[in-house]
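Letter by letter, the chains look like this.
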Amino acid sequence: MALVGCGSAVPAATITNLDLSARVDTSDEWIRSRTGIGARRVAGPGETVTSLATAAGQAALDHAGWRAEDLDLILLATSSPDDLFGTAPRVQGALGACNAVAFDLTAACSGFLFSLITAAQYIGSAGMRRVLVIGADQLSRWVDWDDRSTCVLFGDGAGAVAVQACPAAENGLLAFRMRSDGSRNGCLTLAQSTQHRPLVAGLSAQVGGFTPIHMNGQEVYKFAVREVPAVLAELLEASGVAAEQLDWLLLHQANQRILDAVAERFAVPNTRVLSNLASYGNTSAATIPLMLDEAVRDGRVRPGHLLASSGFGAGLSWGGALVRWSGPQIDASLPSAVAA
Ligand code: UT7
């Protein structure tokens, strides 16, 4: 498959570190030095996962030069859906993508990468030709705003990438890996919280909602700096690509120290590590496409560039992909020979 368009959308309101330090016992200095985060966007009235994902998706369609009705599939990576039955169909309806099947994929901060890889499988084996892959999260709904250890980290946003079937020679997904370790699930959760409500004699139902995000930051940090380099090293070796050949590291934006540690492991200079943590913090499933869109639009990422990407987070889940950015095709018609 080829990556031919991208788009993103963020809420209007910004909350700075200074704003937060008026609310919880923290400081701009602590947040910046420990995470690299300077501000984050928080959804206001009328802004939802659906609205952000739709805006990002529309921008990616426009960039690719596609009409919504040309889409075969919309994959929405989100862990904060507007509707637990699925938010992707709302996005499909809002875009007017009447010929596309649409569904959610939940894998927290690995969700976008897992969705991109999933899109390739549908293109390769199910004859789908145009797919919109969106990562969108509104974790501000699920953060405990009185917990300084987590509320400074997260922000809201959405990003999208348009991918299409292409001849094998133009394939933009060179290699990938996906991993899960549920034995460490408790390190990072947004878990259900239920109460028993009596229904009839001897029988009760579990009713309730979800508890705010809980994270063992140090454990997740150690996990990330161990597993992300390992999965990327595996990918480079399997595909015969040397780290020097990478144009960019496009990692999940969780902590600048994690980005730096991964870059150091591969001797990739800081100038080739994409980071927008200072502006947006950790937007969960949105970080990778949001970062890609910014870098494509300001001209850093150009057609033909090779990127090593990795998503990691709750699950625990993680994965990596070597991708080549194609950019909008001058001739938007699809070839007859296709490859995933
Ligand atoms: O997207 C999903 C993946 N998530 C991640 O990758 C997150 C990975 N983890 C991290 O990025 C880091 O662990 C954090 C940024 C979350 C925390 O940084 P840390 O260097 O691991 O700090 P810590 O948890 O070890 O806490 C150090 C101290 C503690 O105080 P004491 O016990 O040493 O007195 C915390 O209570 O910092 C304190 N602390 C804060 N102080 C000021 C925790 N949060 C804050 C805060 N402001 N916001």
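Here's a quick rundown of the structure. (Residues numbered from 1 in each chain as written. Predicted model: local features only at pLDDT ≥ 70, side-chain atom pairs only at ≥ 80, totals over all residues. Heavy atoms only, no water.)

This brings us to the pattern of salt bridges. Under the defined criterion, the tally for this structure stands at 16 salt bridges. A salt bridge links Glu227 to Arg226; the shortest N-O distance between them is 3.9 Å. Here the salt bridges do not stand alone but share partners, grouping Asp181, Arg184, Arg226 and Glu227 into one network. (Salt bridge = Lys/Arg side-chain N within 4 Å of Asp/Glu carboxyl O.)

All right, on to the sheet that holds strand S6 (residues 130-138) then. Strand order across the open sheet formed by 5 strands is S1-S7-S6-S4-S5, with mixed pairing between neighbours. Of all strands in the sheet, those with a lone pairing partner are strand S1 (2-9) and strand S5 (101-105), marking the two edges. Within this sheet the neighbouring strands show an average axis-to-axis angle of 15°, counted without direction. Pairing between S1 and strand S7 (residues 156-164): 7 bridges, direction antiparallel. Bridged to Ser8 within S7 is Gly159. With respect to the sheet, helix H4 (residues 88-95) is in contact with strand S4 (73-77), S5 and S6, its orientation differing from that of S5 by roughly 140°. (Pairing = 2+ DSSP bridges. Helix = DSSP H or I, 4+ residues; strand = E, 2+ residues; numbered from the N terminus. Axes fitted to C-alpha atoms, helices over the stretch in contact; angles between N-to-C directions. Contact = heavy atoms within 4.5 Å.)

Next up on the list: helix H8 (residues 256-265). Among all positions in H8, only Ile258, Leu259, Val262 and Ala263 are buried. Projected down its long axis, H8 carries its buried residues within an arc of 130°, all on one side. Ala267 lies just past H8 and shows a positive phi near 55°. (Buried < 20%, exposed > 50% of the residue type's maximum accessible area, 1.4 Å probe, protein only. Arc of directions from axis to C-beta.)

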